[in-house]
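Residue strings, one per chain:
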Protein chains: 2
Amino acid sequence: MRNFLKTKGLKMTSQRETIFRAFFESEPHMTVEELHERVISMDPAIAYTTVWRTLKLICEVGLGEKKYFGDGVVRYDRVTATPHGHLVCQKCGSTEEFFSSEITRLLQDRADESGLLPEEYRIEVVGICLKCRQQREASGDVTDTSAKGKSSAGDNVIDISGAGGM
Amino acid sequence: MRNFLKTKGLKMTSQRETIFRAFFESEPHMTVEELHERVISMDPAIAYTTVWRTLKLICEVGLGEKKYFGDGVVRYDRVTATPHGHLVCQKCGSTEEFFSSEITRLLQDRADESGLLPEEYRIEVVGICLKCRQQREASGDVTDTSAKGKSSAGDNVIDISGAGGM
DNA sequence: AAGCTAATTGCAATCGGATTGCAGCTACAT
DNA sequence: ATGTAGCTGCAATCCGATTGCAATTAGCTT
Ligand SMILES: [Mn+2]
Ligand SMILES: [Mn+2]
Ligand SMILES: [Zn+2]
Ligand SMILES: [Zn+2]
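What counts and what doesn't
- Residues numbered from 1 in each chain as written.
- Chains lettered and ligands numbered in written order.
- Predicted model: local features only at pLDDT ≥ 70, side-chain atom pairs only at ≥ 80, totals over all residues.
- Heavy atoms only, no water.
- Buried < 20%, exposed > 50% of the residue type's maximum accessible area, 1.4 Å probe, protein only.
- Helix = DSSP H or I, 4+ residues; strand = E, 2+ residues; numbered from the N terminus.
- Pairing = 2+ DSSP bridges.
- Near = heavy atom within 4 Å.
- Polar contact = N/O pair within 3.5 Å; in protein donor to acceptor, adjacent residues only side chain to side chain.
- Nonpolar A, V, L, I, M, F, W, Y, C, P; charged D, E, K, R; others polar.
- Axes fitted to C-alpha atoms, helices over the stretch in contact; angles between N-to-C directions.
- Contact = heavy atoms within 4.5 Å.

Turning our eyes to something else, we now look at the pairing of strand S6 (residues 117-128) of chain B. All names here are of chain B. Within S6, 11 of the 12 residues are buried, which leaves it mostly tucked inside the rest of the structure. As paired strands, strand S4 (residues 85-89) and S6 are joined by four bridges and run parallel to one another. Residue pairing in the sheet places Cys89 in a bridge with Gly127 of S6.

Below you can see the structure in the form of structure tokens.
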């Protein structure tokens, strides 16, 4: 890592060392603020701005990637050797990572067909996690909470042309 | 559409009619500002805020979805009967849509495994489009611009544990 | 058709995370 | 030890997203 920076004419500082540690050893998908909290617990003197700039640096060298999970805050993810996807709960914000070489391959093929040189993959399913659905039904909600079976967002057919007509 | 609003206690207005038209008849993935421009060309009196609120409404009733393609601006996409993915050029911002029932099925399976009730799918490949790569090579850049073949972001193995260690 | 009221709209103000300018501090090559 | 290109902390700024509010309007009621 130190060498990596060196070749770029960049310097290793105690702040960066701490922030790198925090980033690579904490749960993934942290916001700048969350990571800053973590960092502060290790070295109270490190500023938010420095965390922000270091995350930017991490992304620039290819070890990190910005992620937008839908709550309006940017999150930072570690880049893995092979792309991975996410299952995101829009209720509690929990995330689960998964790998799928089949999906990656299919996406690669699509990109190739179009002549797009892939740089980053975004593979996400956003929905309501099991835990949140169980809580909801516990509070007496009448909504269908079954996940098993064929229910999915894609099933309900939406007549867009009709809707656009008026 | 009018009926749809009615059942919700909502009103159809000339502004909404215009904005609906603009949204469903323009290219997909427009920003609020872009759509506002379009709307203004149809009715100069319609305010940005109204466009924003109407897009929000469209999303709430399930006909639209927010998208973050990486340039920091929210875009609005039409929801299709079956989920679709995107090929996004991070250089020129062009997008191409594609459908893949295989990918959708694989994602559905993953979600089911985890107990996540799918609500929205995000399937994107971000990279450099053919056109942009050709322009780059034309300006005498030495970078490898081949898209065909096995090149992909997933191939370069990144030793994260090592990086995190220091 | 006129009246009534909740919904909608335009505009200005505000919000809040992202980003930047800058003066003082520091890593590290020499 | 010295010099200089990089860093850092802090405050200021940016800017798209969101909201408060008074005037206006759609659609129901009489
Ligand atoms: Mn991840
Ligand atoms: Mn689309
Ligand atoms: Zn949840
Ligand atoms: Zn392009």
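Inspection of the region around DNA strand D gives 20 residues, with Lys11, Thr13, Arg16 and Thr50 of chain A together with Trp52 of chain B positioned closest. Backbone atoms, meaning sugar plus phosphate, form 67% of the atoms of DNA strand D positioned within 4 Å of the protein. Interatomic distance of 3.0 Å between a side-chain N/O atom of Lys11 of chain B and a base nitrogen of DNA strand D. Residue Met12 of chain B places a main-chain N or O atom 3.1 Å away from a sugar or linking oxygen belonging to DNA strand D. Listing elements by their share of the surface near DNA strand D, those giving two or more residues are helix H2 (14-25) and helix H4 (48-60) of chain A together with helix H4 (48-60) of chain B. Looking at the surface near DNA strand D, the element that brings in the most residues is H4 of chain B, giving four residues. Taken together, the residues of the surface near DNA strand D break down into eight nonpolar, six polar and six charged.

Before going further, it helps to spend a moment on the sheet that holds strand S4 (residues 85-89) of chain A. A sheet is described by the order of its strands in space; here six strands give the open sequence S5(A)-S4(A)-S6(A)-S6(B)-S4(B)-S5(B), paired in mixed fashion. If you trace the sheet from one side to the other, it starts and ends with strand S5 (95-98) of chain A together with strand S5 (95-98) of chain B, each paired once. Shown here is a sheet whose adjacent strand axes are inclined to one another by a mean of 20°, direction ignored. Across 11 bridges, the pairing between strand S6 (residues 117-128) of chain A and S6 of chain B is antiparallel. Each residue of the ladder has a partner; that of Pro118 of chain A, found in S6 of chain B, is Gly127 of chain B. Against the sheet, helix H5 (residues 101-114) of chain A engages S5 and S6 of chain A together with S4, S5 and S6 of chain B, with an angle of about 130° to S6 of chain A.

With that settled, consider the protein's contact with DNA strand C. Taken together, 20 residues form the shell around DNA strand C, and within it Trp52 of chain A together with Lys11, Thr13, Arg16 and Thr50 of chain B come nearest. Taking the atoms of DNA strand C that fall within 4 Å of the protein, sugar and phosphate contribute 68% of them. Within the side chain of Gln15 of chain B, a nitrogen or oxygen atom sits 3.2 Å from a sugar or linking oxygen of DNA strand C. Residue assignment for the surface near DNA strand C shows that the elements contributing at least two residues are H4 of chain A together with helix H2 (14-25) and H4 of chain B. The greatest single-element share of the surface near DNA strand C, amounting to four residues, is contributed by H4 of chain A. A breakdown of the residues in the surface near DNA strand C according to their chemical character gives eight nonpolar, six polar and six charged.

On their own, these measurements won't tell you what the molecule is for.
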